[in-house]
Amino acid sequence: LLLVQACRDGNVEQIAVLLQATPKPDIHYVDPETGATLLHDACGSGSLDAVQALIRIGVPWNSVDFAHKSAGEAALEAGHMDVYDALVQEGIRSELLLEAVSRHHDDEDDDEPPKKKTKVSNAEYLASPLVFSEGRLLDSERNAVMMGWEHPLMIHHAKVIAPKPGLDVLNVGFGLGLVDKELQKLKPRTHTIIEAHPDVYKHMLEEGWDKIPGVKILFGRWQDVVPQLETYDGIFFDTFGEYYADLKEFHEVLPNILRQDGIYSYFNGLGGTDRFFHDVYCQIADLDLQDMCIQTEYVQLDLEALGDEVWQGTKRPYWSLNTYNLPICKF
Ligand SMILES: C[S@@+](CC[C@H](N)C(=O)[O-])C[C@H]1O[C@@H](n2cnc3c(N)ncnc32)[C@H](O)[C@@H]1O
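1. Some thoughts on unusual backbone geometry
Note that the residue after Thr-22, namely Pro-23, is joined by a cis bond; omega there is -5°. Among the secondary structure elements, Pro-23 is positioned in the loop between α2 (12-19) and α3 (38-45). In this structure, Glu-134 is a non-glycine residue whose phi angle is positive, near 35°. With respect to the helices and strands, the residue Glu-134 is situated in the loop between β1 (131-133) and β2 (136-138). For Glu-134, a relative accessible area of 79% puts it in the exposed group.

2. Considering the pattern of salt bridges
Applying the stated criterion across every chain, the model contains 15 salt bridges. Close ionic contact of Asp-168 with Arg-259 constitutes a salt bridge, the shortest N to O distance being 3.0 Å. Here Arg-259 lies in strand β8 (residues 258-266) and Asp-168 lies in strand β4 (residues 168-172), a separation of 91 residues in the sequence. A relative accessible area of 5% means that Asp-168 is categorised as buried. Glu-242 is paired through a salt bridge with Arg-221; the nearest N and O atoms lie 3.9 Å apart. Placement of Glu-242 in the loop between β7 (232-237) and α12 (244-257) and of Arg-221 in the loop between β6 (215-219) and α11 (222-225) is noted, with a sequence separation of 21 residues between them. On the basis of relative accessibility, which here comes to 3%, the residue Glu-242 falls in the buried class.

3. So, the domain arrangement of the chain
The domain architecture assigned to the chain consists of domain 1 (2-105) and domain 2 (122-330). For domain 1 and domain 2, the distance between their C-alpha centres works out to 34 Å. Domain 1 puts 19 residues into the contact, and the matching count from domain 2 is 12 residues. Between domain 1 and domain 2, roughly 1,200 Å² of surface is buried when both sides are summed, and carbon and sulfur atoms account for 65% of that area. For the pair domain 1 and domain 2, the number of links is zero salt bridges. On the surface where domain 1 and domain 2 come into contact, there are five residue pairs in polar contact (both at pLDDT 80 or more).

4. Some remarks on the sheet that holds strand β3 (residues 144-147)
Pairing is antiparallel in the open sheet, where three strands are placed in the order β1-β2-β3. Since the sheet does not close on itself, it has two edges, and those belong to β1 and β3, each with one partner. On average, adjacent strands in this sheet sit at an angle of 15° to one another, irrespective of strand direction. As judged from the three bridges shared by β1 and β2, these two strands associate in the antiparallel manner. Of the residues in β2, the one forming a bridge with Ser-133 is Arg-136.

5. With respect to the packing of helix α1 (residues 2-9) against α3
One way to put it is that α1 packs onto α3 with a least axis distance of 6 Å and a crossing angle of 30°. One way to sum up the angle between α1 and α3 is to call them roughly parallel. Here Leu-3, Val-4, Cys-7, Arg-8 and Asp-9 of α1 come into contact with α3, specifically with Leu-38, Asp-41, Ala-42 and Ser-45. The residue makeup of the contact of α1 with α3, split by class, is five nonpolar, one polar and three charged.

6. Re the site of the ligand
Inspection of the region around the ligand gives 27 residues, with Tyr-125, Gly-175, Val-179, Glu-195 and Asp-238 positioned closest. Taking Trp-222, its main chain carries an N or O atom lying 3.0 Å from a nitrogen atom of the ligand. Note that a nitrogen atom of the ligand is positioned 3.2 Å from one of the side-chain N or O atoms of Gln-223. About the coverage of the ligand: the protein hides 100% of its 600 Å² of free accessible area. At a threshold of 2 Å from the grid points, most atoms of the ligand map onto the largest cavity. Looking at the shell around the ligand, the elements with two or more residues in it are α7 (122-127), β3, α9 (178-185) and α11. A breakdown of the residues in the shell around the ligand according to their chemical character gives 13 nonpolar, eight polar and six charged.

Analysis parameters
- Residues numbered from 1 in each chain as written.
- Predicted model: local features only at pLDDT ≥ 70, side-chain atom pairs only at ≥ 80, totals over all residues.
- Heavy atoms only, no water.
- Helix = DSSP H or I, 4+ residues; strand = E, 2+ residues; numbered from the N terminus.
- Buried < 20%, exposed > 50% of the residue type's maximum accessible area, 1.4 Å probe, protein only.
- Salt bridge = Lys/Arg side-chain N within 4 Å of Asp/Glu carboxyl O.
- Domains from an automatic or database assignment.
- Contact = heavy atoms within 4.5 Å.
- Buried area = accessible area lost by both parts, 1.4 Å probe.
- Polar contact = N/O pair within 3.5 Å; in protein donor to acceptor, adjacent residues only side chain to side chain.
- Pairing = 2+ DSSP bridges.
- Axes fitted to C-alpha atoms, helices over the stretch in contact; angles between N-to-C directions.
- Parallel < 35°, antiparallel > 145°, perpendicular 65-115°, else oblique.
- Nonpolar A, V, L, I, M, F, W, Y, C, P; charged D, E, K, R; others polar.
- Near = heavy atom within 4 Å.
- Areas by Shrake-Rupley, 256 points an atom, 1.4 Å probe, with all protein chains shown as cover.
- 1 Å grid on protein atoms, 1.4 Å probe; cavity = no way out; pocket = protein on both sides within 12 Å on 5 of 7 lines; lining within 4 Å.
- Sits in = over half its atoms within 2 Å of the grid points.

Right under this line is the structure:
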């Protein structure tokens, strides 16, 4: 508890003394009521030195409390931008290192945020029945796969990847077909859609998507239909039940399918319930795309706060931020 107080005070000298004490203090101490870690306390204090001291001794940068609030958010809420920025950099450094190590060991990283929505495995999701209701698509566990509030975002995404008529466009993940309906309004020459879920595919056929001139549906997981892809002027990616590693894998395919002057965009739900994790992942995605010689510009769109009623009947919200970073990616 002395250590907790030292962290709350941001007293780095006291922290250093206490860390040398015997028996060793518990650096993974969690407040029994709030779940706040020592890092939350230090972030709240605004002492960058204290935060760095905790990181150095192994307190995880991505600690969350019982309300799933990150330590980075605690710094942000308290207005300590220098601490926030330093922790974002620490997050990027740790994640890139972890990725390099796990690639070396060919391991899966279980801690990374899902690219979208929930920690549902893609295979489980694809095998479960879906419910289409009132502008929503839910899986059998009531996880929201796609929701109507995203429509304005899909309008932007469509305009970004199809800025003029007559283009060849590719969309990965049909969902409610919002982005595809918008793409159709923009008169593409060809419009390829990849969709893996049998219920969504059935719905697409019922709506007659297979009869629209220029539309080509590839039914299957994007991972399996890559060999059938051609090259495109515009590409949009928005799947469900996949992780950042899957998104990154798709990004590695881009040099083969995106034309030199083409535009790529993806639904940017990375860490969508915590600004701190979101900021870390926006920068990681940007860095990883740079490895493909692709540059990302994030266009910030203001979102109105989504009230509780939006999420009623769903398992949990997957988005709570008030700014959407729409990625525009080009070679
Ligand atoms: C979030 S929705 C897409 C929403 C869409 N952007 C819209 O505007 O309505 C995700 C879609 O991706 C599909 N999907 C999930 N995993 C996939 C995969 N590996 N390959 C292709 N499609 C996948 C889901 O079945 C679902 O229809």
